[in-house]
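Analysis of the macromolecular model
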Amino acid sequence: MTTKPPAIPVRSFRFSREQYHHLGELGFFDGKRVELIRGEILEMSPINWPHQLGKIKLARALSSAFAGIGWVNEQGPLATGDSEPQPDVAVIPGRPEDYAEHPRTALLVVEVADTTLADDTTTKAELYATAGIADYWVLDLNGRQLHVFRDPQLLPHALDATAYRTHDVLQPTDSVSPLAAPTV
């Protein structure tokens, strides 16, 4: 009779932001699009033309809307705890020159979703809520909708998480104003 060896529990290794940057400096990610989410290094999906066009249009509109209030950062890192997502568009308060390191907050974060809607409306929403981003939008290219997440709230302590209290889904004929630029 043979005995099976004991099962070895699977454990994933979590990277700090410093370790993630060091691996990048060593060339581990050359030619790859990656981001750090909750300590895990994830490969990002390729950018197709509808996604790129949506990002371009958003960046143009938001640059005008936030002139004098903040600057638009396209697919740049946002340092949030053990994560460093690269949102498609983030409006950062002040000017780029005000930052010696990656920004840690934003007035508005927008993800453009063509293949990532489920992740953008769950994992990324929780990540940005935890970071205290008051205004988070997801542009759903396939559904032709805009998901607007607002009012981040801590969930009961046992859950150890934060979520947005409001989640509105807007149609193409609806309008919305950013919280930090309400007259736009």
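Our subject is the structure listed above.
These lines cover the structure that appears in this document, whether it is placed above or below.

About the criteria used
- Residues numbered from 1 in each chain as written.
- Predicted model: local features only at pLDDT ≥ 70, side-chain atom pairs only at ≥ 80, totals over all residues.
- Heavy atoms only, no water.
- Helix = DSSP H or I, 4+ residues; strand = E, 2+ residues; numbered from the N terminus.
- Buried < 20%, exposed > 50% of the residue type's maximum accessible area, 1.4 Å probe, protein only.
- Contact = heavy atoms within 4.5 Å.
- Areas by Shrake-Rupley, 256 points an atom, 1.4 Å probe, with all protein chains shown as cover.
- Arc of directions from axis to C-beta.
- Salt bridge = Lys/Arg side-chain N within 4 Å of Asp/Glu carboxyl O.
- Polar contact = N/O pair within 3.5 Å; in protein donor to acceptor, adjacent residues only side chain to side chain.
- Pairing = 2+ DSSP bridges.

1. Section: the overall build of the protein chain
- When helices and strands are tallied, the protein chain shows four helices and eight strands.
- Along the protein chain, from the amino end to the carboxyl end, the secondary structure elements read α-β-β-α-β-β-β-α-α-β-β-β.
- Here the C-alpha coordinates of the protein chain stretch approximately 75 × 35 × 35 Å along the principal axes.
- Out of the 184 residues in the protein chain, the part that is buried amounts to 38%.
- For the protein chain, contacts bridging at least 24 residues in sequence account for 50% of all contacts bridging at least 6.
- With the model as given, the accessible surface of the protein chain reaches about 11000 Å², and the carbon-plus-sulfur share is 56%.

2. Here's the deal with helix α1 (residues 17-25)
- Considered for burial, the residues of α1 that qualify are R17, Y20 and L23. Axial view of α1: buried residues confined to an arc of 125°, hence all on one face. Exposed residues pointing more than 90 degrees away from the buried face of α1 are listed as E18 and E25.
- Against β1 (34-37) and β2 (40-43) lie the buried residues of α1.
- Of the residues one or two after α1, G27 is the one with positive phi, at around 90°.

3. Section: the pattern of salt bridges
- One pass over the full model with this rule turns up nine salt bridges.
- Close ionic contact of E74 with K55 constitutes a salt bridge, the shortest N to O distance being 2.6 Å. Of the two residues, E74 is situated in strand β3 (residues 70-74) and K55 in helix α2 (residues 49-65); the sequence distance between them amounts to 19 residues.
- Take K55: its relative accessible area is 4%, and that puts it in the buried class.
- For D135, the salt bridge identified is with R150, shortest N-O distance 2.6 Å. You can see D135 sitting in strand β6 (residues 135-140) and its partner R150 sitting in strand β7 (residues 145-154), a full 15 residues away along the chain.
- Look at R150 and you get buried, because its relative accessible area is 18%.
- Because the salt bridges share partners, they merge into one network encompassing E35, E111 and K124.

4. Topic: the side chain of H147
- As for its position among the elements, H147 is in strand β7.
- Given the relative accessible area of 8%, H147 is considered buried.
- Polar side-chain contacts of H147 include one of 2.7 Å to the side chain of H167.

5. Some remarks on the pairing of β7
- As defined by bridge partners, β6 adjoins β7 across six bridges and the pair is classed as antiparallel. Pairing of L139 across the sheet is with L146, part of β7.
- Examined bridge by bridge, β7 and strand β8 (residues 162-170) share eight bridges and lie antiparallel to one another. Bridge pairing links V148 to D168 in β8.

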